[in-house]
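Fold and contact review
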Amino acid sequence: MAPNPVSHINIGHIDDVQELRKSKSSHIPERFIRDTTERPKFDKDIVSLTNNIPVIDLSKLFKGNKDEFSNEILKLTVACQEWGFFQVIKHGIDLELLESIEKVALEFFSMPLEEKQKYPMIPGTVQGYGQAFVFSEDQKLDWCNMFALGLEPHYLRNPKLWPTKPSNFSETVEEYSRVIRKLCKNLLKYISISLDLNNDVFEEMFGVAVQAVRMNYYPACPRPDLVLGLSPHSDGSALTVLQQGKGNSVGLQILKDNSWIPVQPISNALIVNIGDTIEVLTNGRYKSVEHRAVTHKEKDRLSIVTFYAPSYEIELGPMQELVNENNPCKYRRYNHGEYSKHYVTNKLQGKKSLEFAKINPNLEFEY
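What you see is a predicted model, and the numbers here were worked out from it, not measured in a lab.

Observations regarding the packing of helix α4 (residues 95-109) against helix α6 (residues 169-194)
At a closest axis distance of 10 Å, the pairing of α4 and α6 adopts a crossing angle of 135°. Judged by the inter-axis angle, α4 sits oblique to α6. For the pair α4 and α6, the crossing hand works out as left-handed. Only F169, T172, V173, E175, Y176 and V179 of α6 make contact with α4, whose side of the interface consists of L97, L98, S100, I101, V104 and F108. Of the residues that constitute the contact of α4 with α6, the class distribution is nine nonpolar, two polar and one charged.

What follows is the structure in structure tokens.
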């Protein structure tokens with residue numbers, strides 16, 4: 001989340017995509033129509049690759065025997081090195097809670113526009129309702145409505161942006177965020193084990209970790225071949241945890257070997273991806289991966305995304321244990337707060353934000 005808003009931004013008129021959906025018009029406003037090179041191609045040939053996206057059984061890490069634990073750590077290593085994305089099953093989170101957070105998110109997005117606009121996302125910020133990462137009046141827009149909140153530390157919270165409806169919204173978000181925070185801490189512990197590092201290296205390094213939640217609503221679009229639900233980007237976080245609405249269309253895609261691979265969610269699983277912060281800390285051994293969202297002609301889609309990152313006060317750079325002659329230092333040391341501000345004050349554009357941290361921004365790394 002941005003420590004401070006950016007002032008003097010003219011973003012022009014932004015149509016609310018849910019209202020466009022309600023109008024049942026087949027017309028797509030020009031600002032949503034992507035350049036030809038950016039438009040999604042719905043290629044049936046790559047759908048089979050969705051089955052290859054790694055799946056981590058957390059029960060084998062929580063309480064498995066020695067062999068099960070070792071095998072799952074090896075799978076996690078491959079997932080972080082080769083994919084930057086994986087799904088976690090048997091995570092121990094109450095399924096009723098997952099249903100509850102989905103329910104309150106849907107109820108929020110179903111409210112009249114004037115009610116949702118009581119919690120506006122001010123240009124240059126990433127909290128509230130609207131569209132984030134918009135910085136000019138001619139910038140292409142995503143076919144998505146967002147509602148985002150800063151959670152931890154508490155000074156990031158803007159109480160005016162916490163909705164009073166649904167009545168159980170705040171209570172549900174608090175409980176959900178508490179268990180996802182615990183999940184992130186556990187995942188980072190297992191990631192550190194996969195790197196042969198101290199179990200608590202990330203928790204000790206991160207200080208009071210920053211946590212935010214963003215709910216994304218992608219209405220059906222009459223021309224999904226012309227728009228994007230969310231522009232291609234990598235996340236500035238350490239870890240991102242995504243929950244997709246039950247029965248929703250497949251919308252998330254990841255860039256793998258120069259092809260966009262759709263991510264088919266497993267029932268009751270959560271999708272996890274490595275953020276830029278872990279790429280920097282591991283000196284590129286584990287990588288953040290470009291991803292985007294596409295829309296569907298008939299079905300709406302909901303996702304609930306949690307971002308988990310170090311304290312803004314922390315200085316970050318590659319860990320010395322992961323820098324050597326064969327893997328020289330690729331990133332400079334920097335203040336995480338400065339990087340976060342850089343990330344949220346620029347439009348989403350692939351992995352461009354990570355150039356902030358590279359020693360040689362023009363160098364494309366081989367992983």
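So much for the structure itself; the text now carries on.
Considerations on the UniProt feature "domain: Fe2OG dioxygenase" (unreviewed entry) in the protein chain
According to UniProt, the positions carrying the feature "domain: Fe2OG dioxygenase" (unreviewed entry) are residues 209-310. Along residues 209-310, the helical share is 6% and the strand share 44%, with 5 Å between the first and last C-alpha atoms.

Some words on the pairing of strand β8 (residues 252-256)
Of all five residues making up β8, four are buried, and the element is well covered by its neighbours. Pairing of β8 with strand β11 (residues 291-293), which is carried by three bridges, proceeds in the antiparallel orientation. The partner of Q253 across the bridge, within β11, is R292. Relative to strand β9 (residues 259-262), β8 runs antiparallel, the two sharing four bridges. Counterpart to I254 in the pairing with β9 is I261.

What about the sheet that holds β8?
Strand order in the open sheet formed by four strands is β6-β11-β8-β9, and the pairing between neighbours is antiparallel. A single partner strand is all that each edge strand has here, and the edge strands are β6 (230-233) and β9. Along the sheet, successive strands turn relative to each other by an average axial angle of 25°, direction set aside.

Quick notes on the environment of A220
Relative to the assigned elements, A220 resides in the loop between β5 (210-218) and β6. On the basis of relative accessibility, which here comes to 1%, the residue A220 falls in the buried class. Note: C-alpha distance between A220 and H296 (76 residues apart in sequence) is 5.2 Å. Excluding residues that lie within four positions of it along the chain, A220 makes contacts with R21, W143, H296, K297, E298, K299 and D300.

Here is what the cut-offs are and how they apply
Residues numbered from 1 in each chain as written. Predicted model: local features only at pLDDT ≥ 70, side-chain atom pairs only at ≥ 80, totals over all residues. Heavy atoms only, no water. Axes fitted to C-alpha atoms, helices over the stretch in contact; angles between N-to-C directions. Helix = DSSP H or I, 4+ residues; strand = E, 2+ residues; numbered from the N terminus. Parallel < 35°, antiparallel > 145°, perpendicular 65-115°, else oblique. Left-handed = near helix turned anticlockwise from the far one by under 90°. Contact = heavy atoms within 4.5 Å. Nonpolar A, V, L, I, M, F, W, Y, C, P; charged D, E, K, R; others polar. UniProt positions renumbered as here; feature names shortened; annotations may be inferred. Buried < 20%, exposed > 50% of the residue type's maximum accessible area, 1.4 Å probe, protein only. Pairing = 2+ DSSP bridges.

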